[in-house]
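# A look at the structure
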Amino acid sequence: MSLNYVVAMLLIALGLYCLLLKRNLIKMVIGLGVMTDGIHLFLISMGYREGGIAAIVPAGMLQDNVAAGFASAAVDPIPQALVLTSIVINICIVALALSMAIWVYHHYGTLDPSEVRRLRE
Amino acid sequence: MRRVVPFIAVLVVGAILIFTVTNNLPPFGSFPQRKLGAFENQSIGQRILENGPRETGATDVVTSVVWDYRGYDTMGECTILFTAVCGILMLFLATRGQE
Amino acid sequence: MMAGMTTIVRTISRLLFPFMVLFGVYIILHGHLTPGGGFQGGVIIAASFVMLWLAYSLEQSPIEFKLFRTEVLEAIGGLTLATVGLVGLVMGMGKFFGHVLPLGILGSVFSGGDLPLLNIGVGIEVAASIILVFYAMLRKVGWDEK
């Protein structure tokens, strides 16, 4: 019953609500971003050690080319690397979705997804 | 009326997610302990933390994971970034026949 | 077409621009010692250019923007990444992204094998990408009132 996991799941549910029930393309893209943030928070919280330091060797633990006592006090570095890659991919997805929303507005004059059903005559 | 069914679906999914997270996961903050089958006390992150600064020569373990232990994923991500920017430039800056 | 901002904002952004670029270059180069690396530093450099475009308008900005030069820079950044990886494979290290340069003393700037070169390549590519995306979207601002 920890706070990190519950807030991450609440963010995923809120993003899903925005994606399904809003009638504006820009608001749907905002919901996509909120859902991605919830997933990232959940992934990073899975690799936490109680009372650990960040995964960077500080200058005090460095004794003639060997990091001493570092491996038993640091948090997990792998989920942080995965989330770094995922953030960059999220940039590409949101940029392409917003570009397509701009073009839809230019052709149809409206941003309602239930009005853009017919091909352009 | 037809907006009630998606709303109930979102509530059901949220309830299932919160129920799963509070009951079936290892407790928060127990890093090398995992509860999956045979992987009781081993974790690949622990091995990377022990051998990382000595093998790669970088004090930042996250950067060495991104470039040394998982270099293929980062190269694929650069390809995705390049392709997406090519798509956006094609949408906005290409000259069209009519219009 | 696009209106700029007031005189105070223009003066401050013109004074802040070189320091932001310097900060971005610092984060790229020290990617193996402090948190950061190629992606984060590239976005900071791109943000400094976009700040100038927002304060002045796109046509009157003091930094002249050439489209062809930025596209070539982005391609060079991506090619640097693949070339450094292939050199490690060919020159006998046995695996893709094998280190060619020597690992140095832990904790100094000239350490980490190939990592600083890879960070610089990705930094250039990400900075050029974000600048191109913002230019393509900002050019169409007065689109519908023609």
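Residues numbered from 1 in each chain as written. Chains lettered and ligands numbered in written order. Predicted model: local features only at pLDDT ≥ 70, side-chain atom pairs only at ≥ 80, totals over all residues.

What follows is about helix α3 (residues 67–90) of chain C. If you check α3(C), its first and last C-alpha atoms are 35 Å apart, about what 24 residues at 1.5 Å a residue would give, namely 34 Å. As for α3(C), its buried residues are in contact with α4 (71–93) of chain B together with α4 (115–138) of chain C. (Helix = DSSP H or I, 4+ residues; strand = E, 2+ residues; numbered from the N terminus. Expected span 1.5 Å × (residues − 1). Contact = placed C-beta atoms within 7 Å.)

Moving on, we come to the packing of α4(B) against α3(C). Where α4(B) meets α3(C), the closest approach of the two axes is 11 Å, and the angle between their N-to-C directions is 155°. In this view, α4(B) runs roughly antiparallel relative to α3(C), as classed from their interaxial angle. In this structure, the crossing between α4(B) and α3(C) has a hand that is left-handed. Along its contact with α4(B), which presents Gly71(B), Met75(B), Cys78(B) and Phe82(B), the element α3(C) presents Gly78(C), Leu81(C) and Gly85(C). The residue inventory of the contact of α4(B) with α3(C), partitioned by class, reads four nonpolar, three polar and no charged. (Axes fitted to C-alpha atoms, helices over the stretch in contact; angles between N-to-C directions. Parallel < 35°, antiparallel > 145°, perpendicular 65-115°, else oblique. Left-handed = near helix turned anticlockwise from the far one by under 90°. Nonpolar A, V, L, I, M, F, W, Y, C, P; charged D, E, K, R; others polar.)

As a further point, take the interface of chain A and chain B. Contact residues are listed per partner, giving 40 residues for chain A and 38 residues for chain B. Residue assignment for the side of chain A that touches chain B shows that the elements contributing at least two residues are α1 (3–21), β2 (66–67) and α3 (78–108) of chain A. Looking at the side of chain A that touches chain B, the element that brings in the most residues is α3(A), giving twelve residues. A breakdown of the residues in the side of chain A that touches chain B according to their chemical character gives 30 nonpolar, seven polar and three charged.

Moving on, we get to the interface of chain A and chain C. Taken together, the contact pairs seven residues of chain A with eight residues of chain C. At four residues, α3(A) tops the list of elements feeding residues into the side of chain A that touches chain C. Taken together, the residues of the side of chain A that touches chain C sort by class into five nonpolar, two polar and no charged.

Below, the discussion takes up the environment of Val75(A). Tracing the sequence through the fold places Val75(A) in the loop between β2 and α3. A residue is classified by how many C-beta atoms lie within 10 Å of it, and Val75(A), with 21 of them, is buried. Residues contacting Val75(A), with those up to four places away along its chain left out, are Gly47(A), Tyr48(A), Arg49(A), Gly52(A), Ala54(A), Ala55(A) and Phe31(B). (Buried ≥ 20, exposed ≤ 12 C-beta atoms within 10 Å, placed from the backbone.)

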